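A closer look at the structure
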Amino acid sequence: MKRSCFANGDPVVRGGCHHLQLPGLSGSSSRQHPANGQVINTSENPPDPVTDIGFSEVGSSILSGLGFQEIRMFIDSHCHLDRLDLSAYEGNLDLAVEAARAAGVDRILCIGIDLENGPEVVSLAQRYEDVYASVGVHPLDCKEMVPDIDMVRSLANHKKVVAIGETGLDYYYATTEGVQAVQRQSFINHLELAKGLELPVVVHTRDAREDTLDFLREYGSREFAGVLHCFTESLAMAKAALDLNYYISISGIVTFRNACALREVVEYLPMDRLLIETDSPYLTPIPHRGKSNEPRFVADVARFVAELKGVAPEVLGKKTSENFYRLFYRAV
Ligand SMILES: [Zn+2]
Ligand SMILES: [Zn+2]
């Protein structure tokens, strides 16, 4: 069953990745943990699948007893673990990671955004067996100076770094020619570094379709390619990126009321080129609006995308996981 554009009653929000904190998303103190997610929601107004049983008081041993850990099938291919709102977990990131595992999240790719948080992202990947890292400087962190790509290169030496980025172009927020020029040079540097290291690139693109595609074509690797993350662009751009061997990653935006065009893109995308992500702590999917986003909610993105594709969530999870391992081949 297709969702209508106005089925969910949620305002249209297009976040600018980590640079746009959406209203009402932080500071939630509710303690909830995920249901097992095996039921496909087909109603126009789906019930919230979370069950309020007080996660941190229950603990992982009880979750294990309920069999939650048996459903391991989703991969959050893009999140910012170092920026999560942990108020629901008493400040303990371990519990947020454990909650993701309990929701069936098998692997998490934690994305660096600048040279300051790069080492932290790498150390998080060291700390958790099921977490990987990508290192780079976000286009909106390119202000006056082109970031030192050698620092990205040195971070990429770590064995759990599986990609370069996020990098790319964001002309929506960066409107001056000077800042856009810095973004372009940084993007070129990241693409060339990734090509040299034979690593895929995590690309952030917004309002810069032609330049993004031109640069991928000119400086990117066809063989190792990468992913256009948190995709919200046109079908034509998706097709052009697919032609360049890139993957397309879908975030919780797909669940938003007015994301009709994006849902059409998802319906078109080949199953073997699709990834899913949360981009947490931003862009919380329906039905969790009002809370800060976290990796466990990738299960909700997966269920929604599965419905659009007309497959069971398990199938969607399996296919997107296969895609993840094919693209981020260093992740094992
Ligand atoms: Zn982004
Ligand atoms: Zn991001």
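A short tour of the structure in this document, coming up. (Residues numbered from 1 in each chain as written. Chains lettered and ligands numbered in written order. Predicted model: local features only at pLDDT ≥ 70, side-chain atom pairs only at ≥ 80, totals over all residues.)

Brief notes about the pairing of strand S7 (residues 247-250)
Side chains Tyr247 and Ser249 project from S7 onto one buried face, and the interleaved Ile248 and Ile250 project onto a second face that is buried too. Summarising the sheet, strand S6 (residues 226-228) and S7 pair through two bridges and their orientation is parallel. Its bridge partner lying in S7, leucine 228 is registered against isoleucine 248. Of the crossover connections in this fold, the one passing from S6 over helix H7 (residues 235-243) to the parallel S7 is right-handed. The pairing of S7 with strand S8 (residues 274-276) spans three bridges and is parallel. When the sheet's bridge partners are listed, isoleucine 248 is paired in S8 with leucine 274. Taken together, S7, helix H8 (residues 260-268) and S8 constitute a β-α-β crossover, and its handedness is right-handed. (Buried ≥ 20, exposed ≤ 12 C-beta atoms within 10 Å, placed from the backbone. Helix = DSSP H or I, 4+ residues; strand = E, 2+ residues; numbered from the N terminus. Pairing = 2+ DSSP bridges. Right-handed = clockwise from strand over helix to strand, strands pointing away.)

Describing the packing of helix H9 (residues 298-309) against helix H10 (residues 313-327)
Two numbers describe how H9 lies on H10: the axes approach to 8 Å, and their chain directions differ by 105 degrees. Classed by the angle they form, the pair H9 and H10 counts as roughly perpendicular. Contact residues: H9 offers Ala302, Arg303, Val305, Ala306 and Lys309, while H10 offers Pro313, Val315, Leu316 and Gly317. Of the residues contributing to the contact of H9 with H10, the split by class is six nonpolar, one polar and two charged. (Axes fitted to C-alpha atoms, helices over the stretch in contact; angles between N-to-C directions. Parallel < 35°, antiparallel > 145°, perpendicular 65-115°, else oblique. Contact = placed C-beta atoms within 7 Å. Nonpolar A, V, L, I, M, F, W, Y, C, P; charged D, E, K, R; others polar.)

Some thoughts on the sheet that holds S8
Strand order across the open sheet formed by eight strands is S1-S2-S3-S4-S5-S6-S7-S8, with parallel pairing between neighbours. Two strands in the sheet have a free side with no partner beyond their single neighbour: strand S1 (74-79) and S8. Taken pair by pair, the neighbouring strands of this sheet meet at an average axis angle of 30 degrees, ignoring direction. Where strand S4 (residues 161-170) and strand S5 (residues 201-206) come together, five bridges link them in parallel fashion. Within the sheet, the bridge partner assigned to glycine 168 lies in S5 and is histidine 204.

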